[in-house]
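Understanding the architecture of this molecule
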Amino acid sequence: MKTVAKTIGKAVVFCLVMMVLCSLIYPLALTGVSQLTMEAKADGSKVDEEGNLTTDTKKAVGSALIGQDFTEDCYFQGRVSSVNYNTYTEEQKENGEYAGVASGSYNYGNSNPELEKRMQEDLDEFLKDHPGVKPEDVPAELLTASGSGLDPHISPRSAEVQIPTVAENSGLSEEVVEQIVKDNTEHKTLGVFGEERVNVLGCNLDIKAAMEQ
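Residues numbered from 1 in each chain as written. Predicted model: local features only at pLDDT ≥ 70, side-chain atom pairs only at ≥ 80, totals over all residues. Heavy atoms only, no water.

An unreviewed UniProt entry lists the protein chain under the name Potassium-transporting ATPase KdpC subunit, from Mediterraneibacter gnavus. For the protein chain, the Sequence similarities (unreviewed entry) comment in UniProt is given as "Belongs to the KdpC family." Recorded in UniProt for the protein chain, the comment headed Subcellular location (unreviewed entry) runs: "Cell membrane". (UniProt positions renumbered as here; feature names shortened; annotations may be inferred.)

What to know about the domain arrangement of the protein chain
Domain boundaries in the protein chain define domain 1 (1-39) and domain 2 (46-212). Averaged C-alpha coordinates put domain 1 and domain 2 at centres separated by 43 Å. (Domains from an automatic or database assignment.)

Here's the deal with the pattern of salt bridges
Counted by the stated rule, this structure contains seven salt bridges. Lys208 is the partner of Glu49 in a salt bridge, and the nearest nitrogen-oxygen pair spans 3.8 Å. Taken together, the positions of Glu49 in the loop between strand 1 (46-47) and strand 2 (62-63) and Lys208 in helix 8 (residues 200-212) put the pair 159 residues apart, joining distant regions of the chain. For Glu49, a relative accessible area of 46% puts it in the partly exposed group. Given a relative accessible area of 28%, Lys208 falls into the partly exposed group. Among the salt bridges present, the one from Arg79 reaches Asp151, with a minimum N-O distance of 3.7 Å. Of this pair, Arg79 sits in the loop between strand 2 and helix 3 (90-94) while Asp151 sits in the loop between helix 4 (113-129) and strand 3 (153-154), and the two are 72 residues apart along the sequence. Assessed through its relative accessible area of 21%, Asp151 is described here as partly exposed. Connected via shared salt-bridge partners are Glu49, Lys208 and Glu212. (Salt bridge = Lys/Arg side-chain N within 4 Å of Asp/Glu carboxyl O. Helix = DSSP H or I, 4+ residues; strand = E, 2+ residues; numbered from the N terminus. Buried < 20%, exposed > 50% of the residue type's maximum accessible area, 1.4 Å probe, protein only.)

And the structure:
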């Protein structure tokens, strides 16, 4: 009996020690190191109006890692978001459409008629806002939601198809807008991993700055 009790006692002590190490000490140490070595990134990679990382919440206009909705036609539009980029109107909240801050996709199968209906509606809306663009020229990613619903990037092709409309409505030349896209294009890691991607918030902040000059 003494051996059993001793074994159980050791097991309990081990569990308590590991609980303290893994649930308290390790997270605190990791958070502390992150705050000391990369404070801005540890705080969510918040971005100010100049496009610089900031730790000041009052100056932040968005995050380099989380997408957001842009409604003005002088700005680039991101991907479809199944969670509305976590922004909802009061009416949507009252109607029960707001489910709290979340991430996720529609998770529709390819044969789901709801997916076809939503994509057609989004395509019609995109073509109305971008006259001159043919349906077959609209990249599929602009009509499909990302896995998180919070994707801050679009492909260079998705940015390219929007350039004429952005240029016309912002009063900037297409050459200037094209350069803004290039300046905010993130290339493959080490030239091999991942895909080229354009940060929508970065583009729109540069467009805003250019319009104010």
